[in-house]
Amino acid sequence: MVAASSLIGELRGSINDESARIRREFEAAGDGRACVAARTHLVEEILERLWSEIVSADASKPPNLALVATGGFGRGWLFPYSDIDILFLYGDRDAEQAFKDPVRRFSQELWDLRLKLSPASRTLGECDRYDPNNTEFAISLLDCRYLVGDRDLFRRLHDKVIPKLVMRESKSLLQGLAEVTRERHGKYGMTLYHLEPNLKEAPGGLRDCNVANWLALISAMDKLHDWPDATSLRPPVRKQLESALDFLMSARCFLHFRQGRDDNTLSWEAQDEAAARKIGASDGEELSAAEWMRIYFSHARAVQRTVTQLLEEIPEAWSALYRQVQSWRSRLTTADFSVVDGLIFLQQPSALQDPEVLLRLFHFMAHHGLKLSATTEYRIEQALPALAATPPRGAELWLYLQETLLQPHAADALRAMHSLRLLTLLLPEMKLIDSLVVRDFYHRFTVDEHSFLAIESL
């Protein structure tokens, strides 16, 4: 069957009308989640209509061919101008050959509808093989979702092939995912505090939200030998990520509609407009661009912290050199702190009630170049309210801070203190430069990050 030109005209009209409606609803409510869900549903309907005209009038057929949503489409996250990731899944090579023409026509019609398609074709057996040069495809299968075609074929992929692949290749998957994540972070100077950040690719962006979920999912599947019933992230972490996602989804939808393309950079002009429209922010007082960016950085900080913790806590995600270094660092245990796999734990969790122990902790971190475990970070957050009541000040505080500032990894310790809101508690003046964007030639990052970089250089 060939889709008639009248159907293509009808579908094109439907896409235009529905896309305009989705945009109007977003501009009225600013709800990014509702926007991506609506576009996902629209594209699903288009695919189903074309499938019935070109491939099979019965949505559950033909045998040995299924259309599968992967990546962002699989998650149900189709932003206004994002690519549509689909997989043509074949039972075997014979099926691939038999359906070559209808699949080609199906794809061509989608391109003619000006939909940005990112198609892949694999047999079920090929999905069971891990290609170390294409970690992205294996990861995209973690978000696979049935659309139309042979449902039993999809079940075999979802229920058997993917869990087996993850169990067999969990170490390679984790290492590959960690490697591409660190490489991406490296392109952005390993910091989220850019003046005009890319809210998809930069540290703390939407990509890192996905990485956090993938790392947790792969680890859980490796232990359970099956799909987990729910997300494997701890409830407090999950809550933070969900809040960040609400903001980032709204901000990305805003950028797509504003630019008319898949552009995810928060330029100066975009920041001004986002602040004026309170994108992702609750209704209340008017926001300046600098205040709106502080909201962005607070969410990005929570996302980056989660990803960093998972990369540190999952030994399979380490490189061989990193593993060697962490093994050596494990000998640094003291009476106050123990070091396990390069992460600092407290010997006595209640010890943080003493501000002196808390300050010694960051001196220890700055001296040895270690990181805090998630448990230790949680203990610090629990201790902050009591510390806020009677924080150390003046000479008492400076006695510890000056020693910390002299250590080789002082900037990293200060960043950790800042991420946990401890630095602004101890030095209230820091609030003035916290995530502060200054638009001039000399600033590449926010003012607080420039301060840490200056200390790092010194």
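From a predicted model like this one, the values you see are computed outputs, not experimental measurements. (Residues numbered from 1 in each chain as written. Predicted model: local features only at pLDDT ≥ 70, side-chain atom pairs only at ≥ 80, totals over all residues. Heavy atoms only, no water.)

Draft legend 1. Region of the structure containing the overall build of the protein chain. Counting its regular elements, the protein chain contains 19 helices and seven strands. What you see for the protein chain is a C-alpha radius of gyration of 25 Å, in line with the 23 Å of a compact globule of 458 residues. Principal-axis analysis of the C-alpha atoms places the extent of the protein chain at approximately 80 × 50 × 35 Å. Within the protein chain, contacts between residues separated by at least 24 positions form 71% of all contacts whose residues are at least 6 apart in sequence. When the accessible surface of the protein chain is split by element, carbon and sulfur atoms take 51% of a total near 21,300 Å². The average position of the 54 basic charges and that of the 65 acidic charges among the side chains of the protein chain differ by 2 Å. (Helix = DSSP H or I, 4+ residues; strand = E, 2+ residues; numbered from the N terminus. Rg over C-alpha atoms; globule rule 2.2 N^0.38 Å. Contact = heavy atoms within 4.5 Å. Areas by Shrake-Rupley, 256 points an atom, 1.4 Å probe, with all protein chains shown as cover. Lys, Arg positive; Asp, Glu negative; His and termini not counted. Charge placed at Lys NZ, Arg CZ, Asp CG, Glu CD.)

Draft legend 2. Just the pattern of salt bridges, in detail. For the structure shown, the criterion picks out 33 salt bridges. In this structure, the salt-bridge partner of arginine 93 is glutamate 96, at a minimum N-O distance of 2.6 Å. Note that arginine 93 and glutamate 96 are positioned in helix 4 (residues 93–98) at a spacing of three residues, about one turn of the helix. A salt bridge links arginine 168 to glutamate 169; the shortest N-O distance between them is 3.6 Å. Counted as one network, the salt bridges with shared partners bring together Arg184, Lys200, Glu201, Arg207 and Asp208. (Salt bridge = Lys/Arg side-chain N within 4 Å of Asp/Glu carboxyl O.)

Draft legend 3. Local environment of the packing of aromatic side chains. Overall, the coordinates contain nine aromatic pairs when judged by the stated rule. Seen in terms of ring centroids, phenylalanine 26 and phenylalanine 257 are 5.7 Å apart; in terms of plane orientation they differ by 40°. Their pairing is tilted. Of the two residues, phenylalanine 26 is situated in helix 1 (residues 5–29) and phenylalanine 257 in helix 10 (residues 235–259); the sequence distance between them amounts to 231 residues. A residue is classified by how much of its surface remains accessible, and phenylalanine 257, at 11% relative accessible area, is buried. Look at phenylalanine 247 and tryptophan 292: their rings are 5.2 Å apart centre to centre, the planes differ by 40°, and that puts the pair in the tilted class. In this pair, phenylalanine 247 sits in helix 10 while tryptophan 292 sits in helix 12 (residues 289–313), placing the two residues 45 residues apart along the sequence. Per residue, the accessibility class of phenylalanine 247 equals that of tryptophan 292, and both read buried. (Phe/Tyr/Trp six-rings, centres within 6.5 Å; stacked < 30°, edge-to-face > 60°. Buried < 20%, exposed > 50% of the residue type's maximum accessible area, 1.4 Å probe, protein only.)

Draft legend 4. Region of the structure containing the pairing of strand 5 (residues 337–340). Relative to strand 6 (residues 343–346), strand 5 runs antiparallel, the two being bridged by four bridges. Each bridged residue has a counterpart across the sheet, and for valine 339 the counterpart in strand 6 is isoleucine 344. Between strand 5 and strand 6, which follow one another and run antiparallel, lie two residues, and aspartate 341 among them has a positive phi close to 55°. (Pairing = 2+ DSSP bridges.)

Draft legend 5. The arrangement of the packing of helix 9 (residues 206–224) against helix 12 in detail. At a closest axis distance of 9 Å, the pairing of helix 9 and helix 12 adopts a crossing angle of 35°. Crossing of helix 9 against helix 12: the hand is left-handed. In contact with Asp208, Cys209, Val211, Ala212 and Leu215 of helix 9, helix 12 contributes Val303, Thr306, Val307, Leu310 and Leu311. Grouping the constituent residues of the contact of helix 9 with helix 12 by class yields eight nonpolar, one polar and one charged. (Axes fitted to C-alpha atoms, helices over the stretch in contact; angles between N-to-C directions. Left-handed = near helix turned anticlockwise from the far one by under 90°. Nonpolar A, V, L, I, M, F, W, Y, C, P; charged D, E, K, R; others polar.)

Everything listed here is a matter of coordinates, which is why it stays silent on function.
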